[in-house]
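Topology and contacts: notes
Here are the chains, one letter per residue:
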Amino acid sequence: MSPIRTFAAAVIVAGVLAGAGTGAALAAPAASHFDDGSFETPRVAANTFVNLGTGQTIGPWRVTGGNVDHIGAGFWQAAEGDQSVDLNGVNAGTVSQNFTTVPGKRYTVTYSLAGNPAGGPALKGGKVLVNGQNFQNFSFDITGKTMANMGYVTREVSFVATGPTTTLAFASTISGAYGPVIDDVTVRHCDPCPSCD
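What you see is a predicted model, and the numbers here were worked out from it, not measured in a lab.

**As for the overall build of the protein**
When you go through the protein residue by residue, the secondary structure sums to one helix and 12 strands. When the helices and strands of the protein are read in sequence order from the N terminus, they spell out α-β-β-β-β-β-β-β-β-β-β-β-β. In the protein, which comprises 197 residues, the proportion classed as buried is 44%. Residue pairs at least 24 apart in sequence account for 73% of intrachain contacts in the protein once pairs closer than 6 positions are excluded.

**Remarks on the nonpolar core**
When a protein is soluble and globular, its nonpolar side chains tend to lie buried together. Counting residues in each nonpolar core, the largest one holds 34 residues, and the members touching the most others are V109, Y111, L168, F170, I182 and V185. If you tally residues by element for this core, the top one is strand β7 (residues 106-115), at five residues. When neighbours within four sequence positions are excluded, L168 is seen to be in contact with F34, W61, V95, S96, Q97, F99, V109, V128, L129, V130, V185 and V187.

**Remarks on the packing of aromatic side chains**
Here the structure, examined in full by the defined rule, presents 10 aromatic pairs. The interplanar angle of 35° and the centroid separation of 5.0 Å between the aromatic rings of F39 and W61 together place this pair among those described as tilted. In this pair, F39 is assigned in the loop between α1 (3-20) and β1 (49-53) and W61 in strand β3 (residues 61-65), connecting sequence segments 22 residues apart. Ring centres of Y107 and F159 lie 5.6 Å apart, and the angle between their planes is 20°; on these two criteria the pair is classed as stacked.

**Topic: the sheet that holds β7**
A sheet is described by the order of its strands in space; here six strands give the open sequence β1-β4-β5-β12-β7-β10, paired in antiparallel fashion. Each end of this open sheet is capped by a strand with a single partner; those strands are β1 and β10 (153-160). Adjacent strand axes in the sheet meet at a mean angle of 30° when their direction is disregarded. Relative to strand β5 (residues 84-86), strand β4 (residues 67-71) runs antiparallel, the two sharing three bridges.

**Looking at the side chain of T166**
Its place among the elements puts T166 in strand β11 (residues 165-172). Judged by relative accessible area, T166 falls into the buried class, the value being 0%. A distance of 2.9 Å separates the side chain of T166 from the side chain of T101, its partner in a polar contact. Excluding residues within four positions of it along the chain, T166 makes contact with Q97, N98, F99, T101, V130, N131, F159 and A161.

**A closer look at the sheet that holds β11**
Taken together, six strands build an open sheet; the order of strands is β2-β3-β6-β11-β8-β9 and the sheet is antiparallel. A single partner strand is all that each edge strand has here, and the edge strands are β2 (57-58) and β9 (133-141). Here β3 pairs with strand β6 (residues 94-100) via three bridges, running antiparallel. Note on β6: the bridge partner recorded for G65 is T94.

**Observations concerning the pattern of salt bridges**
Evaluation of the coordinates by the stated rule reveals three salt bridges. Note that R43 and E40 form a salt bridge whose closest N and O atoms lie 2.9 Å from each other. With relative accessibility at 49%, the residue R43 sits in the partly exposed group. Residue classification places E40 among the buried residues on the basis of a relative accessible area of 17%. Where R188 meets E156, a salt bridge forms, and the shortest distance between an N and an O atom there is 3.8 Å. Pair noted here: R188 is in strand β12 (residues 180-190) and E156 is in strand β10, with a separation of 32 residues, a long-range link. Taken together, the shared-partner salt bridges in this structure form one network comprising E40, R43 and D82.

**Some details on unusual backbone geometry**
That bond from T41 to P42 is cis: its omega, -5°, falls within 30 degrees of zero. Among the secondary structure elements, P42 is positioned in the loop between α1 and β1. Not every positive phi belongs to a glycine, and D36 is a case in point at roughly 50°. Structurally, D36 can be placed in the loop between α1 and β1. Its relative accessible area of 13% is what places D36 among the buried residues. Located in the positive-phi region is Y178, a residue other than glycine, with phi close to 65°. The residue Y178 is located in the loop between β11 and β12 in this model.

About the cut-offs
Residues numbered from 1 in each chain as written. Predicted model: local features only at pLDDT ≥ 70, side-chain atom pairs only at ≥ 80, totals over all residues. Heavy atoms only, no water. Helix = DSSP H or I, 4+ residues; strand = E, 2+ residues; numbered from the N terminus. Buried < 20%, exposed > 50% of the residue type's maximum accessible area, 1.4 Å probe, protein only. Contact = heavy atoms within 4.5 Å. Core = buried A, V, L, I, M, F, W, Y, C linked by side-chain atoms within 4.5 Å. Phe/Tyr/Trp six-rings, centres within 6.5 Å; stacked < 30°, edge-to-face > 60°. Pairing = 2+ DSSP bridges. Axes fitted to C-alpha atoms, helices over the stretch in contact; angles between N-to-C directions. Polar contact = N/O pair within 3.5 Å; in protein donor to acceptor, adjacent residues only side chain to side chain. Salt bridge = Lys/Arg side-chain N within 4 Å of Asp/Glu carboxyl O.

Right, here's the structure in full:
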C-alpha cells in the first residue's frame, strides 16, 4: 500500500475510534488527506507550462504567495509521474496543501528537489513550512544539470502535528524566474518510525 493510502486509512480509522466511546455514529467522517504530491492534476499540455498566481490551485495545492509554474509532461524530466512545479514563475512563489492530522502524532514529509536549469542563479533556495513555521531550508545547485537530466535529490523533514489539520508549504527564497523545482511529495504517519526521531 502506498504511503498516501496508508496515511488516509490511518486518519479514517482514528476518526472512527475517536467517536466510538461517545455514542457517535461509527461512519467515517469526510477526511481530508494529503494527495497529488506529484502535481499530476490538472493536466498541463505536453511540453508547456502554466503560470499560476496567488489564490490559484494545482489540484489540492494552492498558490499562497507570488506565482509558480506548473510544468507539463515532456517540458523537462519529472521525478515521478509527468508533471512538477517550479516555485518561481516570474518571481518567488509558495504552494501549500491542508490535510487532516492526528494531534501529537509524528509525520514525515519526503520530496524530490531539483532546479530550473534554464537560467537564474546556479543555487536555487527555498524552505519547507509547516503551519507557517520554517521546518527546513533547502538548496539545489543546477551546475551541470539539463532539462533531460534534472538531477533530483530526495529530502525529508518530520514534524509533530499540533492540531487536526496541518498546512504543508514549499516556498522559494530566491528572486526572479528559474527557481527550485518540487515533485514527488509524500506524507507518512510515523507509528513507529525510528527515522523520524
